[in-house]
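Structural characterization, general
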Amino acid sequence: FQMTLEKLKSEIIACRICAEFLPFAPNPVFRANEKSHILIIGQAPGTRVHQTGIPWNDQSGDRLRDWLGISRDEFYDAEKISIIPMGFCYPGKGKSGDLPPRKECAPTWHGKLLKFLPNMQTTLLIGQYAQRYYLGDRMKKNLTATVQNFHEYLPNFFPLPHPSPRNTFWIQQHPWFTEEVVPALKERFHNILESI
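Residues numbered from 1 in each chain as written. Predicted model: local features only at pLDDT ≥ 70, side-chain atom pairs only at ≥ 80, totals over all residues. Heavy atoms only, no water.

1. Observations regarding the pairing of strand E1 (residues 38–41)
Selection rule: Only protein chains enter the accessibility calculation, which uses a 1.4 Å probe. A residue is then buried if its area is under 20% of the maximum for its type, exposed if over 50%, and partly exposed in between. Only DSSP runs of H or I reaching four residues or more are called helices, and only runs of E reaching two or more are called strands; each is numbered from the N terminus. By the convention used here, strands pair only if DSSP detects at least 2 bridges between them.
Judged by which residues are buried, E1 turns out to be covered on both faces: Ile38 and Ile40 on one side and Leu39 and Ile41 on the other are all buried. One ladder, built from 3 bridges, connects E1 with strand E2 (residues 81–83); its direction is parallel. If you follow Ile38 over to E2, its bridge partner there is Ile81. Relative to strand E5 (residues 122–126), E1 runs parallel, the two being bridged by 4 bridges. From the neighbouring strand, Ile38 faces E5, where its bridge partner is Thr122.

Structure (structure tokens):
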């Protein structure tokens, strides 16, 4: 039995590991292509993404594309960019926003998917869940310090805050993010896209 990326994707789409804990029927939302050079690892789909089946198809996605300096068409070109969240399905509502991504997804599926993505030049780690999982002990004391020291994780990883409207205050409180991190992110992104 030869596992292919297409077969693996079908398995993920059919995944029901945590169905009993989800508010809606499972609808794993992700994009993976063997040719892609950039990987975006976010948290978990929100309700709009769950309904449309399109990752980052919301205000957070608009802000992320703005940070990256790319169009929707470029963003959704799976031959350039793969999108794998920490939790593939919408986890439900919590007291302050959506619940954290389900813990089952990343250990079950990430390693298998990454084997099929040999060309990765940079992985964006968006939010604390992705950073904790992929950076482990290399994380700083919190997300702010990790993002501020993004240079330490290049070229493999680029840690970012979540672009959710809920983080607008954080972005305003940390002007260095817009002045230093975003331009570096745009430059890294464009260099990779131009080299493909």
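2. Re the sheet that holds E5
The condition is simple: Fitting a line to C-alpha atoms yields each axis, with helices limited to the stretch in contact; the angle taken between N-to-C directions then spans 0 to 180 degrees. Contact criterion: two residues are considered in contact whenever any of their non-hydrogen atoms come within 4.5 Å of each other.
One open sheet holds the 4 strands; their spatial order is E2-E1-E5-E6, and the pairing between them is parallel. The two strands at the open ends of the sheet, each matched to only one other strand, are E2 and strand E6 (157–160). On average, adjacent strands in this sheet sit at an angle of 20° to one another, irrespective of strand direction. In terms of strand pairing, E5 meets E6 through 4 bridges, oriented parallel. The residue bridging Ile126 from the neighbouring strand is Leu160, located in E6. Of the strands in this sheet, E1, E5 and E6 are in contact with helix H6 (residues 128–135), which crosses E5 at around 130°.

3. A few points about the packing of helix H3 (residues 59–68) against helix H9 (residues 175–195)
For clarity, the threshold we go by: Each angle gets one of four labels, with under 35 degrees taken as roughly parallel, over 145 as roughly antiparallel, 65 to 115 as roughly perpendicular, and the rest as oblique. Residues are grouped as follows: Ala, Val, Leu, Ile, Met, Phe, Trp, Tyr, Cys and Pro are nonpolar; Asp, Glu, Lys and Arg are charged; every other residue, Gly included, is polar.
Where H3 meets H9, the axes come as close as 7 Å, and the angle between the chain directions of the two elements is 75°. As the angle between them shows, H3 and H9 are arranged roughly perpendicular. Residues Asp66, Trp67 and Leu68 of H3 form the contact with H9, whose own contacting residues are Phe177, Val182, Leu185, Lys186, Phe189 and His190. Looking at the contact of H3 with H9 residue by residue, the class counts come to 6 nonpolar, 1 polar and 2 charged.

4. Describing the nonpolar core
Put simply, the rule is: We define a nonpolar core as any set of buried Ala, Val, Leu, Ile, Met, Phe, Trp, Tyr and Cys residues linked to one another through side-chain atoms lying within 4.5 Å.
By size, the foremost hydrophobic cluster in this structure holds 29 residues, and its most contacted members are Ile40, Leu64, Leu68, Phe75, Leu124, Leu160 and Phe177. Elements with a minimum of two residues in this core: E1, H3, E2, E5, helix H7 (143–148), E6, helix H8 (168–173) and H9. In terms of nonpolar packing, the next biggest core, distinct from the first, is built from 24 residues, Ile12, Ala32, Ile41 and Phe116 among them.

5. Comments concerning unusual backbone geometry
The step from Leu154 to Pro155 runs through a cis peptide bond, and the omega angle for that step is 0°. By secondary structure assignment, the location of Pro155 is in the loop between H7 and E6. The phi angle at Trp56 is positive, at roughly 55°, despite the residue not being glycine. With respect to the helices and strands, Trp56 occurs in the loop between helix H2 (47–52) and H3.

6. Overview of H3
Heads up, the rule is: Of all possible arcs, the one meant is that of the directions from the helix axis to the C-beta atoms. In the analysis that follows, any N or O atom pair within 3.5 Å is treated as a polar contact, provided that within protein one partner can donate a hydrogen and the other can accept it, and provided that, for residues neighboring in sequence, both atoms belong to side chains.
All buried positions along H3 are accounted for by Ser60, Gly61, Leu64, Arg65, Trp67 and Leu68. Projected onto a plane normal to the axis of H3, the buried residues spread over an arc of 155° and lie on a single side. Opposite its buried face, H3 presents the exposed residues Gln59 and Asp66, each directed more than 90 degrees away. For H3, the capping residue at the N-terminal end is Asp58, with a side-chain oxygen 3.2 Å from the backbone nitrogen of Ser60. Gly69 occupies a position one or two residues after H3 and carries a positive phi of about 70°.

7. Quick look at the packing of aromatic side chains
Filter applied, for reference: Two rings from Phe, Tyr or Trp (for Trp, the six-membered ring) form a pair when their centres are within 6.5 Å of each other. A pair whose planes differ by under 30 degrees is stacked, one over 60 is edge-to-face, and the rest are tilted.
Using the criterion set out here, one finds 9 aromatic pairs in the structure. Between the aromatic rings of Phe30 and Phe88, the centroid separation amounts to 5.4 Å while the plane-to-plane angle is 80°, which identifies the pairing as edge-to-face. Here the residue Phe30 occupies a position in the loop between helix H1 (5–13) and E1, and Phe88 occupies one in the loop between E2 and strand E3 (93–94), the gap between them amounting to 58 residues. With a relative accessible area of 12%, Phe30 lands in the buried category. The buried category is assigned to Phe88, whose relative accessible area is 2%. Note on Trp170 and Trp176: the rings are 5.8 Å apart at their centroids and 80° apart in plane angle, and the pair reads as edge-to-face.

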